[in-house]
Structures are given as structure tokens and as C-alpha cells.
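A look at the structure
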Amino acid sequence: HHIYQQQQAWQEELELLPLLRKQQLLNDSEVLAAQVRCYQVPFGNILQKQNEDELLAFWQRQPRTIRHTRQLQLLLIDTLIQHQHYQAAFEQLAPLLRKQADEALWQRCITLQLRDPEPLLQLLLRQLKQHPQAPALLSALGHQYFHQQQYVQAQEYLERSVALQPTAAGQRTLAVIMKQQRLFEKAAEYYRLSLN
């Protein structure tokens, strides 16, 4: 196991992990951490050398248990977002959002910049009915409207979000929104708050 790690022999390590779990040499959380590490490098390498289609094809070839492991699903989405494959990231994120509403998923929606944000907005607005006081959900909605330059809606959701849970990112975005609307004093105030 340690030799495979040192040699970055990810495939060999992945094949060894079930045996290590069976022999109780690694517990479940250690196996999961190792799986995440094993997939992180290949995901990035495939996107750098090839494209998102190759990465998704590679993902589909993985065992079903792997494809249904939440941390690995999030790792795939994060890798796509980091390489600015936002539409592909949304296509992986949407089924998870339809099944459940939670902060980890909403956080990832903040950075998505989609040509057609309507399907994502509909999903988020539906969840807002059940979770009207969720700061990350409000922030995701605010950022989506911000990406579309719909500053009035963006301001409304982001102000609700930072009132519940102030974040530097939310305050910086609000500062930009205020600047766009020529509300320079408010912009300066949000910039100041974001530095605290």
C-alpha cells in the first residue's frame, strides 16, 4: 500500500484497497480517504491531457459502488469546476440536487457559470421553499443571478445570505453589485466588511 502511494500507482492501490479493508488493515474512513486520493490525480490528468468527455467516460467505467460514493461524486464535480467545465459539472450535480438539499451541493452551485442557468435556478428556487433560511442556498441563488448580471435579484438573495451568515465572498460580490449600481458608499462598506 505504501509503495503504491510512493510510486503514485493509483490503479494498483485502488485494487488493493478492498483487501486492506477485508483484512481490517484500514478502516472505512481510511479507505475512503485513499480512494479520494487515488482518483484526484487521474481526474486532473485526464482533463489536462484530453477533455471532459474522456473524464466522464473514465468515470462511467468505474464500479457502481465508486460512482455512488458521495465524496467521489463531489471530487468529480470539483475537478470539472476547477477546469471550468461548468455545464458538465452541473450535469453531475443536478441529479444529486434533485435527491437532496444540502450545503455541500449549494456551495458548488455558487461557482457555476452556465450559459443557460434556468434549470439550476428552478432547482434552487424549489429547494428554497423548504429551506428559506439556508445561507448557502441563498448565496448560490445570489451568485447565479450575479453571473447573469441580474443585480437586483442577486442583491436580494446575497443580502439575505450574509445577514444569516456573513462570508467574505458574499460581501465582496455585494460590493461589486453595489458598484455596478453606482452605490459607491454601500460598495465601500461591503468591501470593508469583507476584509474583517
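Now for a quick tour of the structure. Keep in mind it's a predicted model, so treat the numbers as computed, not measured. (Residues numbered from 1 in each chain as written. Predicted model: local features only at pLDDT ≥ 70, side-chain atom pairs only at ≥ 80, totals over all residues. Heavy atoms only, no water.)

Some thoughts on unusual backbone geometry
Quick note on the threshold: Buried residues are those whose accessible area, probed at 1.4 Å on protein chains only, stays under 20% of the maximum for their type, while exposed residues exceed 50% and partly exposed ones sit between those limits. Secondary structure elements follow DSSP: runs of H or I no shorter than four residues count as helices, runs of E no shorter than two count as strands, and numbering proceeds from the N terminus.
A positive phi is found at Gln8, a non-glycine position, where the angle reads about 55°. Looking at Gln8, the relative accessible area reads 52%, which means it is exposed. Of note, Gln84 is a non-glycine position whose phi angle comes to about 65°, a positive value. Structurally, the position occupied by Gln84 is in the loop between α6 (70-82) and α7 (86-99). Residue classification places Gln84 among the exposed residues on the basis of a relative accessible area of 57%.

Regarding the side chain of Gln73
As a reminder of what qualifies: Should any heavy atoms of two residues lie within 4.5 Å, those residues are considered in contact.
The residue Gln73 is located in helix α6 in this model. Setting aside anything within four residues of it in sequence, one finds Gln73 in contact with Trp59, Arg67, His68 and Leu96.

Description of the packing of helix α3 (residues 28-49) against α6
Rules: Orientation is described by axes fitted as lines to C-alpha atoms, over the contacting stretch for helices, and by angles from 0 to 180 degrees between their N-to-C directions. Should an angle lie under 35 degrees it is considered roughly parallel, over 145 roughly antiparallel, and from 65 to 115 roughly perpendicular; all remaining angles are considered oblique. Handedness of a helix crossing follows the sense of rotation of the near helix relative to the far helix, less than a right angle counterclockwise being left-handed and clockwise being right-handed. Residues are grouped as follows: Ala, Val, Leu, Ile, Met, Phe, Trp, Tyr, Cys and Pro are nonpolar; Asp, Glu, Lys and Arg are charged; all remaining types, including Gly, are polar.
The geometry of α3 relative to α6 is characterised by a closest axis approach of 10 Å and an angle of 25° between their N-to-C directions. The orientation of α3 relative to α6 falls into the category roughly parallel. The interaxial crossing formed by α3 with α6 has right-handed handedness. Each of Leu32, Gln35, Val36, Tyr39, Gln40, Phe43, Gly44 and Leu47 in α3 lies in contact with α6, whose residues at this interface are Gln71, Leu72, Leu75, Leu76, Thr79 and Leu80. In terms of residue class, the contact of α3 with α6 is built from nine nonpolar, five polar and no charged.

Quick notes on the environment of Leu141
Relative to the helices and strands, Leu141 resides in helix α10 (residues 135-147). On a C-alpha basis, the gap between Leu141 and Phe184 in space is 24 Å, while along the polypeptide they are 43 residues apart. What Leu141 contacts, discounting residues up to four positions off in sequence, is Leu121, Leu124, Leu125, Leu128 and Tyr157.

Function cannot be inferred from these measures alone, as they are strictly geometric.
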